[in-house]
Amino acid sequence: MRPPTHILVVNGVKVRRPVFVVAAPHSGADLLGRALKRSPGFHVTMGRGPVARVVYAFARRPSIARSGGAPQVLRDVLAEAWQVVPGACAECTAACREAGGIVGAGPCAGPGTPSRFGDASPDLLYSAPVLLRAFPDARLIQIIRDGRDVVADMLTDPACMTWVKPAMLSEDAEFPNPFLGVRSAEHRERWAGMPPAGKCALRWRGAVRLNAALRRELPAEHLLTLRYEDMVASPGEAIDAVSSFLDAKVSTIALYGAAIPRPGSWRRRLPAEDAELVEKVAREELTRLGYR
């Protein structure tokens, strides 16, 4: 039985087929978000504070995400984020504003009336089932990247490192915990004692398992899978696939010339012991995805 359809109107426009880019941290969601934000007719937010707070609540406590009111909460917070009014970008992150090419007061939406809405906050991955209940016609684009490169980036990101502190896996934590990559309470002490590289690898492993579940469960018209490496090597082909999937013209320019880590840079960025640990923790997923 199909979930009920809710009509959401933002800026006088009905929200139809909203686009959500989901991925593990540092897997390229921001790169594709940049391309979407700079495409005619699109209004795509990235990392807005109110959205992030809801997403992290769902990620850390999956039981909240399964509640009956979760879809309405997510619809409301996204509708607020998508409003194009004076001062609407006050809570936009610097990355979101930069991705939109905004100078001054904003707003971070392109010229003209937006006709497609979306969000490219990667941790929306943990809210994917809620997104699909909130927006049954949603289009999801998931991005996969070599877990060793992901960990190399995570280790240099203070925001990511806040999640590896032992206190993050509190006594009231729910298991399995895909957000931190911990399967059961029995592994709590083992997780707490792991080096940061191992915790980052667990988080990547948990994310790609969710990606795999989405591929099994969603029809092709609702889900597109891209590889970060393909986006970097062949931006035109990647954007052609996105444009076809969304039935809309998406800008390719934003993918060219970006100062981003090249695939395989983990070889010079990860200490040998960290690389060995990542490969031990995520061996199965690295192999399945062809990164071995």
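Right above here is the structure, for reference.
(A) Here's a closer look at unusual backbone geometry. Cis geometry is adopted by the peptide bond preceding proline 176, which originates at phenylalanine 175 and carries an omega value of -5 degrees. Despite not being glycine, arginine 17 shows a phi value in the positive range, around 45 degrees. When you line up the elements, arginine 17 lands in the loop between β2 (13–14) and β3 (19–23). Its relative accessible area of 28% is what places arginine 17 among the partly exposed residues. Phi at histidine 26 takes a positive value of approximately 55 degrees, unusual for a residue other than glycine. Residue classification places histidine 26 among the partly exposed residues on the basis of a relative accessible area of 30%.

(B) Region of the structure containing the nonpolar core. One finds Phe20, Leu74, Leu78, Trp82, Phe135, Leu140 and Trp204 to be the most contacted residues of the largest nonpolar core, which totals 68 residues. Ranked by residues supplied to this core, first place goes to helix α10 (residues 196–217) with eight residues. The contacts of tryptophan 82, once residues within four sequence positions are left out, are Leu8, Val10, Asn11, Val15, Pro18, Phe20, His43, Thr45, Phe117, Gly118 and Phe135. Grouped together as the second largest cluster of nonpolar side chains are 31 residues, Val21, Phe42, Cys96 and Phe245 included.

(C) Spatial organisation of helix α7 (residues 147–154). The element α7 is extensively covered by neighbouring structure, given that eight of its eight residues are classed as buried. Those residues of α7 that fall on the buried side of the exposure criterion are Gly147, Arg148, Asp149, Val150, Val151, Ala152, Asp153 and Met154. Residues of α7 that are buried sit in contact with α8 (158–161), α10, α13 (266–269), α14 (272–281) and α15 (283–288).

(D) Geometry of helix α12 (residues 235–246). If you check α12, its first and last C-alpha atoms are 16 Å apart, about what twelve residues at 1.5 Å a residue would give, namely 16 Å. Within α12 the residues assigned to the buried category are Pro235, Ala238, Ile239, Val242, Ser243, Phe245 and Leu246. Seen along its axis, α12 keeps its buried residues to an arc of 165 degrees; they face one direction. In this structure, α12 carries Glu237 and Ser244 as exposed residues pointing more than 90 degrees from its buried face.

Conventions used here
Residues numbered from 1 in each chain as written. Predicted model: local features only at pLDDT ≥ 70, side-chain atom pairs only at ≥ 80, totals over all residues. Heavy atoms only, no water. Helix = DSSP H or I, 4+ residues; strand = E, 2+ residues; numbered from the N terminus. Buried < 20%, exposed > 50% of the residue type's maximum accessible area, 1.4 Å probe, protein only. Core = buried A, V, L, I, M, F, W, Y, C linked by side-chain atoms within 4.5 Å. Contact = heavy atoms within 4.5 Å. Expected span 1.5 Å × (residues − 1). Arc of directions from axis to C-beta.

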